[in-house]
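# Structural overview
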Amino acid sequence: MCGISGIVLPPGRRVDTAILAEMMRCLHHRGPDDRGWLSMSGAEVRTGHIGEEAPPGEAILVSRRLAIIDLTEDGWQPMSSADGRYHMVYNGEVYNYVELRAELEELGWAFHSRSDTEVVLAAMATWGPPALSRFVGMFAFAFLDTRDRKLTLVRDFFGIKPLYYASWRGGLAFASEIKALLGLPGLQRQINPQPLYHYLRFGLTDHEDQTLISSVRQLPPAHYAVIDLDRPGQPFRPIRYWSLEPALRTDLSFEEAAAKLRDMFLENIRLHLRSDVPIGAAFSGGIDSSAVVTSMRHLMGAKLDIHCFSYIAEGPEITEESWIDLVGARAGVQVHKVKPTPQELLADLDELIANQDEPFRSTSVYAQSRVFRLARETGIKVTLDGQGADEILGGYSHYAAARLASCIRRGRWGEAISLAQSARHLADTPSMRMLYQAGGFILPTQMHAFARRLVGADLVPKWMNAHWFEDRNVSTAAVPLPRARNVFKGALRASVEKTSLPSLLRYEDRNSMAHSVESRVPFLTPQLVQFCLSLPDSYLIARDGTSKAVFRKAMRGIVPDGVLDRRDKIGFETPERAWMTALQAWVGQTISSQPASAVPALDRVGMRTVWTDVLSGRKSFDSSIWRWVNLIRWAELNEVRFDA
């Protein structure tokens, strides 16, 4: 696991060593165990590590290493091939490196380390980009071919690991985090209006290659890009190397599908336990994280000392502490708990904003950050968790609405009636809300604006400056809902690729790496995701509305029955209304401040009116209030400009 960055300039130009040092400093938290560099000038390549000063070069690669596999100097980066042709800086873990190494050894490769980094280098040197489809893991890396003078940038299947880039001085700069690029002299910090609208109105981030900074983009998941070192400033088009194309499986009964899913999931857990440092788990008490923790114990037995880290919410309606205690006792794990307060959120806010790079949609990100801080304080460098399971197994309540819409669109009325009736028995899915959501999936796009007006859901609320967005030709429309005949599978796929998972993965990567912890997500392998999305709809959400039906069946005998029989879903939720109310003086000061006036996309009068109505009880609380204050402080800290 690492933080990586680099700069490639046209031949004859050189990167100043002070810039290189600043990029290393910005990524220190991602890899405190080692720092390495590569400098290339013409055909000459030099590499070095801590304490060795890098000479200026036209191509510079930088690595900050968090040592997880092969803790010796043999695992240091940049990693180079024996013949000196190939070099790489790499962030991530490829868990099937043992099997790939054996295959490459049969082809004649001799390895000098026990690291997965060297295996990835050899695989790319042997097979080129087709090697990517062989990997099981999370990764973002830069692969340099000095003979062909090409630099290949790569990002994993789901975007678990980040990779950003920007044009700079006629060349290209890239990094694991935006902050390492913002330090480049002359790089503009201009707001990107369209992503800003999506964030403010819908809390949507990370759903495309654009960022909130116009000059910075991200390499999309499951893509690679090839940079010509002789023309590094030339525009390039990322190339997709994998896509989610599940074919419907009708050859498996429900029981057979559950048995296969159980085998696939346990194999994923087994691979994700490969490490040379202690492994723990981020544990919420829900079905997914409980499955991870109990499967770790199921596979490894008593020999594995498991430490789990849990956020405990205040308030009986959102806490999952009883489930955490139940599973912790049953699995024989040591549970470490954290109960953050609103005052602690305020004290840590600037650091949290700096860690995240871009604004985030709710205060649950802070709770997650405290979980990873607790893991670091306990001495754990690797954790597993259940991220991604909801998106591939239909875990959120709005997926039940999408499933209902699918049944209606396909004329399956008996199943539709059963699903609609089931909403009465689900604590977090009121019947009318489910019907409204299903209607949104079914209604023609041109009727959405009318429907939103009926329920009072303005696309440009009064706390937004409509004229500012109009002047910049921003599309103030909702993100299109899936229009496929199978609405349910379309919604799942959109969540994986666009709307939900990308932002959750960004939050998790920044929160974990801010505390030098590697977070692993065993639900997110291409094989498992393809399989889940290929199953009949009723295997995921049953006729009676039970979510994750096939996974509940698969985990019987491993996860306690009480957890598997839960019909409620709390999620990783903070008491955001209570927190904002406790901090009302700060909220009021923030939305009335001079920094707020420097964010013309927001209407200060409109914000104050909404906030006053929320405090008085005339209006219900929603997370847009958090998005205002988060944006205002982020823009101030990063000196973001809104004047273009």
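Overview of the structure. (Residues numbered from 1 in each chain as written. Predicted model: local features only at pLDDT ≥ 70, side-chain atom pairs only at ≥ 80, totals over all residues. Heavy atoms only, no water.)

## Quick notes on the pairing of strand E9 (residues 164–168)
Put simply, the rule reads: To sort residues, take the accessible area from a 1.4 Å probe on protein chains only and compare it with the maximum for the residue type: under 20% means buried, over 50% means exposed, and anything in between is partly exposed. Working definition: helices are DSSP H or I runs of at least four residues, strands are E runs of at least two. Numbering for both runs from the N terminus. Strand pairing follows a simple DSSP-based rule, namely that at least 2 bridges must link the two strands.
Taking burial as the measure, the 5 residues of E9 include 4 buried ones, the bulk of the element. Where E9 hands over to strand E10 (residues 171–175), the hairpin turn is made up of 2 residues, of which Arg169 adopts a positive phi near 50°.

## What about the sheet that holds strand E2 (residues 34–41)?
Here we have 7 strands laid out as an open sheet, ordered E3-E2-E4-E1-E10-E9-E11, and antiparallel in their pairing. Each edge of the sheet is formed by a strand with only one pairing partner; in this case those strands are strand E3 (44–49) and strand E11 (217–218). Relative to E11, E9 is paired through 2 bridges, and the arrangement is antiparallel. Bridge pairing in E11 links Tyr164 to Gln218.

## What to know about the packing of aromatic side chains
Rules: Only the six-membered ring of Trp is used, alongside the rings of Phe and Tyr, when aromatic pairs are assigned; centres must lie within 6.5 Å, and planes under 30 degrees apart are stacked while those over 60 apart are edge-to-face, with the rest tilted. Charge-over-ring contacts are defined here by two conditions on Lys NZ or Arg CZ: a distance within 6 Å of the ring centre and an angle within 35 degrees of the ring normal.
Tallied over the entire structure, the rule returns 22 aromatic pairs. Both rings, one in Phe157 and one in Tyr241, keep their centres 5.6 Å apart while their planes meet at 65°; by these two values the pair is edge-to-face. On the criterion of sequence distance, the pair formed by Phe157 in the loop between strand E8 (150–155) and E9 and Tyr241 in the loop between strand E13 (239–240) and helix H6 (254–272) is long-range, its members being 84 residues apart. What makes Phe157 buried here is its relative accessible area of 4%. With a centroid separation of 5.9 Å and an interplanar angle of 90°, the aromatic rings of Tyr197 and Phe202 are classed as edge-to-face. Since its relative accessible area comes to 0%, Tyr197 is described here as buried. Classification of Phe202 by relative accessible area gives partly exposed; the value is 27%. An aromatic cluster of three or more residues is present, and its members are Tyr90, Phe135, Phe139, Phe141, Phe157, Phe158, Tyr241 and Trp242. One residue, Arg134, lies across the ring of Trp127, its end atom 3.8 Å from the ring centre.

## Here's the deal with the sheet that holds strand E12 (residues 223–228)
Cut-off, in case you're wondering: Whether two residues are in contact is decided by their heavy atoms, any of which lying within 4.5 Å being enough. An axis is simply a line fitted to the C-alpha atoms; with a helix, the fit covers only the stretch in contact. Between two such axes, the angle follows the N-to-C directions and lies from 0 to 180 degrees.
Taking strand neighbours across the sheet as the criterion, the 6 strands line up as E5-E6-E7-E8-E12-E13 in an open arrangement whose pairing is antiparallel. Edge positions in the sheet fall to strand E5 (79–80) and E13, since each of these pairs with one other strand and no more. The pairing of E8 with E12 spans 5 bridges and is antiparallel. Paired with Leu151 across the bridge in E12 is Ile227. Contacting E5, strand E6 (86–94) and strand E7 (137–145), helix H3 (residues 116–127) runs over the sheet at an angle of about 125° to E6.

## Considerations on unusual backbone geometry
Residue Pro78 follows Gln77 across a cis peptide bond; omega there is 0°. With respect to the helices, strands and loops of the structure, Pro78 is situated in the loop between strand E4 (59–65) and E5. Its identity is not glycine, yet Asp206 carries a phi of approximately 65°, on the positive side. Here Asp206 shows up in the loop between helix H5 (193–202) and E11. The phi torsion at Ser516 lies on the positive side, around 55°, for a residue other than glycine. Summarising the element assignment, Ser516 is placed in the loop between helix H18 (501–514) and strand E18 (518–520).

## Notes on the pattern of salt bridges
Stated precisely, the cut-off is as follows: One speaks of a salt bridge when a side-chain nitrogen belonging to Lys or Arg is within 4 Å of a carboxyl oxygen belonging to Asp or Glu.
Evaluated as defined, the whole model comprises 45 salt bridges. A salt bridge links Arg270 to Glu267, with the nearest nitrogen and oxygen atoms 2.6 Å apart. With Arg270 and Glu267 both in helix H6 and 3 residues apart, the pair spans about one turn of that helix. Residue Asp565 is joined to Arg556 by a salt bridge in which the shortest nitrogen-to-oxygen separation is 2.6 Å. What you see here is one network of salt bridges that share partners, running through Arg30, Lys161, Glu177, Lys179, Asp357, Asp509 and Arg510.

## Some details on helix H27 (residues 624–638)
Selection rule: What a helix is expected to span follows from its residue count: subtract one and scale by 1.5 Å.
Over its 15 residues, H27 extends 21 Å from the first C-alpha to the last, a length consistent with the 21 Å expected when each residue adds 1.5 Å. Across the 15 residues of H27, 12 count as buried, placing the element largely inside the fold. Residues Ser624, Ile625, Trp626, Arg627, Trp628, Val629, Asn630, Leu631, Ile632, Trp634, Ala635 and Asn638 constitute the buried set of H27. Trailing H27 by a residue or two, Glu639 shows a phi angle of about 55°, which is positive.

## Here we look at the state of the cysteines
Let me state the cut-off plainly: Note on disulfides: each one is a pair of cysteine sulfur atoms within 2.5 Å.
Scanning all chains against the criterion turns up 0 disulfides. With no disulfide of its own, Cys407 lies 19 Å from the sulfur of Cys532, the closest cysteine sulfur. Since its relative accessible area comes to 2%, Cys407 is described here as buried. Cys532 gets classed as buried once you look at its relative accessible area, which sits at 1%.

## What about the packing of H5 against H27?
To be explicit about the condition: The scheme is simple: roughly parallel for angles under 35 degrees, roughly antiparallel for over 145, roughly perpendicular for 65 to 115, oblique for anything else. Residues are sorted three ways: Asp, Glu, Lys and Arg are charged, Ala, Val, Leu, Ile, Met, Phe, Trp, Tyr, Cys and Pro are nonpolar, and all the rest, Gly among them, are polar.
Orientation of H5 relative to H27, taken along the N-to-C sense of each, is 140°, at an axis distance of 8 Å. What the angle tells us is that H5 and H27 run oblique. Taking contact as the criterion, the partners of Leu196, Tyr199, Leu200, Arg201 and Phe202 in H5 are, on H27, Arg627, Asn630 and Leu631. For the contact of H5 with H27, the residue count by class is 5 nonpolar, 1 polar and 2 charged.

## Some words on the pairing of E7
As a general feature of sheets, a regular strand has side chains that alternate between the two faces. Most of E7 sits out of view: 9 of its 9 residues are buried. Across the two faces of E7 the burial is the same, with Gly137, Phe139, Phe141, Phe143 and Asp145 and Met138, Ala140, Ala142 and Leu144 all buried. Alignment of E6 against E7, held across 9 bridges, turns out to be antiparallel. Bridge pairing in E7 links His87 to Leu144. Here 6 bridges tie E7 to E8, and the two strands are oriented antiparallel to one another. By the bridge assignment for E8, Phe141 is matched with Val154. Between E7 and E8, which pair antiparallel in sequence order, lie 4 residues; one of them, Arg149, sits at a positive phi of approximately 55°.

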